[in-house]
Amino acid sequence: MAYSDDLKAWAIAALIRAVKTFAQTCVALIGTGAVGFTDLDWLRIVSVAGVSAVLSLLTSVAGLPEVNGGTSPLVKHLGDTTAIDTSDQLWDE
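Everything quoted here is computed from the prediction, not taken from an experiment.

Visitor: Please explain the packing of helix α1 (residues 3–30) against helix α2 (residues 42–60) as it appears in this structure.
Guide: When two helices pack together, their arrangement is captured by the angle between the axes and the distance separating the axes. The geometry of α1 relative to α2 is characterised by a closest axis approach of 8 Å and an angle of 145° between their N-to-C directions. Taken as a pair, α1 and α2 cross one another with a handedness that is right-handed. Of the residues in α2, those in contact with Trp10, Ala14, Leu15, Arg17, Ala18, Thr21, Phe22, Thr25, Cys26, Leu29 and Ile30 of α1 are Trp42, Ile45, Val46, Val48, Ala49, Gly50, Ser52, Ala53, Ser56, Leu57 and Ser60. Along the lines of polarity and charge, the residues of the contact of α1 with α2 split into 15 nonpolar, six polar and one charged.

Visitor: Is there a simple way to explain the nonpolar core in this structure?
Guide: Grouped burial of nonpolar side chains is what soluble globular proteins tend to show. With five residues, the main nonpolar core is built from Trp10, Ala13, Ala14, Leu64 and Val67. Contacts of Ala14, omitting those with residues within four sequence positions, involve Leu57, Ser60 and Leu64.

Visitor: Is there a simple way to think about α1 in this case?
Guide: Each α-helix turn comprises 3.6 residues. Residues three or four places apart therefore point the same way. The terminal C-alpha atoms of α1, which comprises 28 residues, lie 40 Å apart, in line with the 40 Å expected from a rise of 1.5 Å per residue. Those residues of α1 not exposed but buried are Asp6, Trp10, Ala13, Ala14, Ala18, Thr25 and Cys26. A positive phi of about 70° marks Gly31, the residue just after α1.

Visitor: Could you clarify how one ought to interpret the confidence of the model for the chain in this entry?
Guide: For any part of a model where pLDDT is low, the fine detail of the predicted coordinates should not be relied upon. Averaged over every residue, the pLDDT of the chain is 79; the share at 70 or more is 74%. Mean pLDDT values over the elements of the chain span from 52, in helix α4 (residues 89–92), up to 93, in α2.

Visitor: Honestly, α2 in this entry has me stumped. Any pointers?
Guide: Taking 1.5 Å per residue as the helical rise, α2 with its 19 residues ought to reach 27 Å, and the 27 Å between its terminal C-alpha atoms agrees with that figure. Looking only at α2, the buried set comprises Ile45, Ala49, Ser52, Ala53, Ser56 and Ser60. In an axial view of α2, the angular spread of the buried residues amounts to 105°, which keeps them on one side of the axis. Facing away from the buried side of α2 by more than 90 degrees, the exposed set consists of Leu43, Arg44 and Leu58. Looking at the buried side of α2, the elements it contacts are α1.

Visitor: Looking at this model, I keep getting lost on the pattern of salt bridges. Mind explaining?
Guide: Where charged atoms of side chains with opposite charge meet at close range, the side chains can pair. For the coordinates displayed, the defined rule picks out one salt bridge. For Asp41, the salt bridge identified is with Arg44, shortest N-O distance 3.7 Å. Judged by relative accessible area, Asp41 falls into the partly exposed class, the value being 39%. The class for Arg44 is exposed, based on a relative accessible area of 57%.

What counts as what
- Residues numbered from 1 in each chain as written.
- Predicted model: local features only at pLDDT ≥ 70, side-chain atom pairs only at ≥ 80, totals over all residues.
- Heavy atoms only, no water.
- Axes fitted to C-alpha atoms, helices over the stretch in contact; angles between N-to-C directions.
- Helix = DSSP H or I, 4+ residues; strand = E, 2+ residues; numbered from the N terminus.
- Left-handed = near helix turned anticlockwise from the far one by under 90°.
- Contact = heavy atoms within 4.5 Å.
- Nonpolar A, V, L, I, M, F, W, Y, C, P; charged D, E, K, R; others polar.
- Core = buried A, V, L, I, M, F, W, Y, C linked by side-chain atoms within 4.5 Å.
- Buried < 20%, exposed > 50% of the residue type's maximum accessible area, 1.4 Å probe, protein only.
- Expected span 1.5 Å × (residues − 1).
- pLDDT = per-residue confidence, 0-100.
- Arc of directions from axis to C-beta.
- Salt bridge = Lys/Arg side-chain N within 4 Å of Asp/Glu carboxyl O.

Following this line, the structure appears as structure tokens:
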């Protein structure tokens with residue numbers, strides 16, 4: 001697979017994850033309290049959810065398991081796969 005194809009697949013997967021993270025954060029912040037739709041602080045909810053989406057994208061730079069076996073196309077293109085280790089060995093130590 002060419003670098004541009006790898007990058008496109010990674011970008012689509014990363015954006016899907018970011019949108020899901022945004023939605024999940026909104027749901028968590030809205031909660032189940034008995035408040036009206038207009039009583040919610042929508043600016044704060046969108047702001048916090050936006051930050052979580054950005055963090056999701058930044059985390060995805062390390063690699064996504066559904067794309068290229070978890071290897072980031074950025075690291076793969078640079079040829080340095082030791083810079084970011086996405087294996088489970090990090091947690092077994």
